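Now for the letters of each chain:
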Amino acid sequence: MSIEWKIKPFEALTVTELYDILQLRSKIFVVEQNCVYLDLDGKDKVALHLFGIYEDKIVAHARLFKAGISFDNASIGRVTVDSDYRDRKWGHDLMENAIAGILEHFDESQITIGAQLYLKKFYEKLGFVQSSEMYLEDDIPHIEMIKS
């Protein structure tokens, strides 16, 4: 069985999908990374939500934004794959689908991300290049990266 990818605006998410997405993000960003922060930042309502379903469970998620919401360019954020499934390399598939989703839904090819520094090489393999100095976001080292 393979992963099934879906893209939906906030209003089209079912209550169960929204709950499962928020639960996944909390599992990774709050519990695994031991980071207390406000995940519900108001941007979910204006994002397209890309998520991967495997065996009836949401195991991957990213938010896609038009230019001007998070950065001057279109952007991808809250990129996460359930830690129980990272051995399957779905992070790469998630990002490829996110990049394709930005192009298809927003007709944008330039994408900016705020990447956790330890993932720099991962994003470079997808064509992103570092465009800022390191900065701390919620006490985690980040860098901005751009894909043209």
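Residues numbered from 1 in each chain as written. Predicted model: local features only at pLDDT ≥ 70, side-chain atom pairs only at ≥ 80, totals over all residues. Heavy atoms only, no water.

Engineer: Please explain the overall build of the protein as it appears in this structure.
Structural biologist: When its secondary structure is counted, the protein shows three helices and eight strands. Across the protein, helices and strands are ordered from the amino to the carboxyl terminus as β-α-β-β-β-α-β-α-β-β-β. Scaling as 2.2 N^0.38, a compact globule of 148 residues should have a C-alpha radius of gyration of about 15 Å, and the protein matches this with 14 Å. Dimensions of the protein along its principal axes, counting C-alpha atoms only, are 40 × 35 × 30 Å. Counting across all 148 residues of the protein, residues that qualify as buried make up 42%. Taking contacts inside the protein between residues at least 6 apart in sequence as the whole, the part at least 24 apart equals 61%. Total accessible area on the protein stands at roughly 8200 Å², and carbon and sulfur atoms take up 51% of it. Charged side chains of the protein number 17 positive and 25 negative; the gap between the two group centres comes to 2 Å. (Helix = DSSP H or I, 4+ residues; strand = E, 2+ residues; numbered from the N terminus. Rg over C-alpha atoms; globule rule 2.2 N^0.38 Å. Buried < 20%, exposed > 50% of the residue type's maximum accessible area, 1.4 Å probe, protein only. Contact = heavy atoms within 4.5 Å. Areas by Shrake-Rupley, 256 points an atom, 1.4 Å probe, with all protein chains shown as cover. Lys, Arg positive; Asp, Glu negative; His and termini not counted. Charge placed at Lys NZ, Arg CZ, Asp CG, Glu CD.)

Engineer: Would you mind going over the packing of aromatic side chains with me for this structure?
Structural biologist: Aromatic rings in a pair are described by how distant their centres are and how their planes are angled relative to each other. The final tally for this structure, using the stated rule, is five aromatic pairs. Measuring from ring centre to ring centre gives 5.8 Å for Tyr54 and Tyr85, while their planes differ by 70°; the resulting arrangement is edge-to-face. You can see Tyr54 sitting in strand S2 (residues 48-54) and its partner Tyr85 sitting in the loop between strand S4 (74-81) and helix H2 (90-106), a full 31 residues away along the chain. In this structure, Tyr54 and Tyr85 share a single accessibility class: buried. Following the ring pairs from residue to residue traces out a cluster consisting of Tyr54, Tyr85 and Trp90. (Phe/Tyr/Trp six-rings, centres within 6.5 Å; stacked < 30°, edge-to-face > 60°.)

Engineer: Where do I start with H2 in this structure?
Structural biologist: Owing to its 3.6 residues per turn, the α-helix aligns residues three or four sequence positions apart on the same side. The end-to-end C-alpha separation of H2 is 23 Å, in line with the 24 Å expected for 17 residues at 1.5 Å each. Directly beyond the C-terminal end of H2, a positive phi value near 55° is found at Asp107. (Expected span 1.5 Å × (residues − 1).)

Engineer: Is there a simple way to explain the layout of surface pockets in this structure?
Structural biologist: If a probe as big as a water molecule is rolled over the atoms, it shows which places are left empty. What the largest pocket holds in volume is close to 980 Å³. Listed by contribution, the elements that provide at least two residues to the lining of the largest pocket are helix H1 (15-32), strand S3 (57-65), S4, H2, strand S5 (111-116), helix H3 (120-124), strand S7 (135-137) and strand S8 (140-147). At seven residues, S4 tops the list of elements feeding residues into the lining of the largest pocket. Broken down by class, the residue content of the lining of the largest pocket amounts to 19 nonpolar, ten polar and eleven charged. (1 Å grid on protein atoms, 1.4 Å probe; cavity = no way out; pocket = protein on both sides within 12 Å on 5 of 7 lines; lining within 4 Å. Points joined across faces, edges and corners; volume = space filled by probe spheres on them. Nonpolar A, V, L, I, M, F, W, Y, C, P; charged D, E, K, R; others polar.)

Engineer: Is there a simple way to think about unusual backbone geometry in this case?
Structural biologist: Phi is mostly negative for residues that are not glycine, and the peptide bonds are mostly trans. Residues other than glycine seldom take positive phi values, yet Glu55 does so here, at roughly 50°. Along the polypeptide, Glu55 turns up in the loop between S2 and S3.

Engineer: When you look at H1 in this model, what are you seeing that I'm missing?
Structural biologist: An ideal rise of 1.5 Å per residue puts 26 Å on 18 residues; H1 measures up with 24 Å between its terminal C-alpha atoms. Of all the residues in H1, the buried ones are Glu17, Ile21, Leu24, Arg25, Ile28 and Phe29. Each element contacted by the buried residues of H1 is listed here: strand S1 (4-9), S2, S3, S4 and S5. Downstream of H1 by one or two residues, Asn34 has phi in the positive range, about 50°.

Engineer: Could you clarify how one ought to interpret the nonpolar core in this entry?
Structural biologist: In globular proteins that are soluble, nonpolar side chains generally tend to be buried together. Ile76, Ile113, Tyr123 and Phe128 are the most contacted members of the largest nonpolar core, which has 22 residues in total. Listing elements by their share of this core, those giving two or more residues are S2, S3, S4, H2, S5 and S8. Non-local contacts of Ile113, meaning those with residues more than four positions away in its chain, are made with Phe71, Ile76, Tyr123, Phe128, Ile143, Glu144 and Met145. Within the second largest apolar cluster, eight residues are counted, among which are Leu13, Leu24, Phe51 and Ile58. (Core = buried A, V, L, I, M, F, W, Y, C linked by side-chain atoms within 4.5 Å.)

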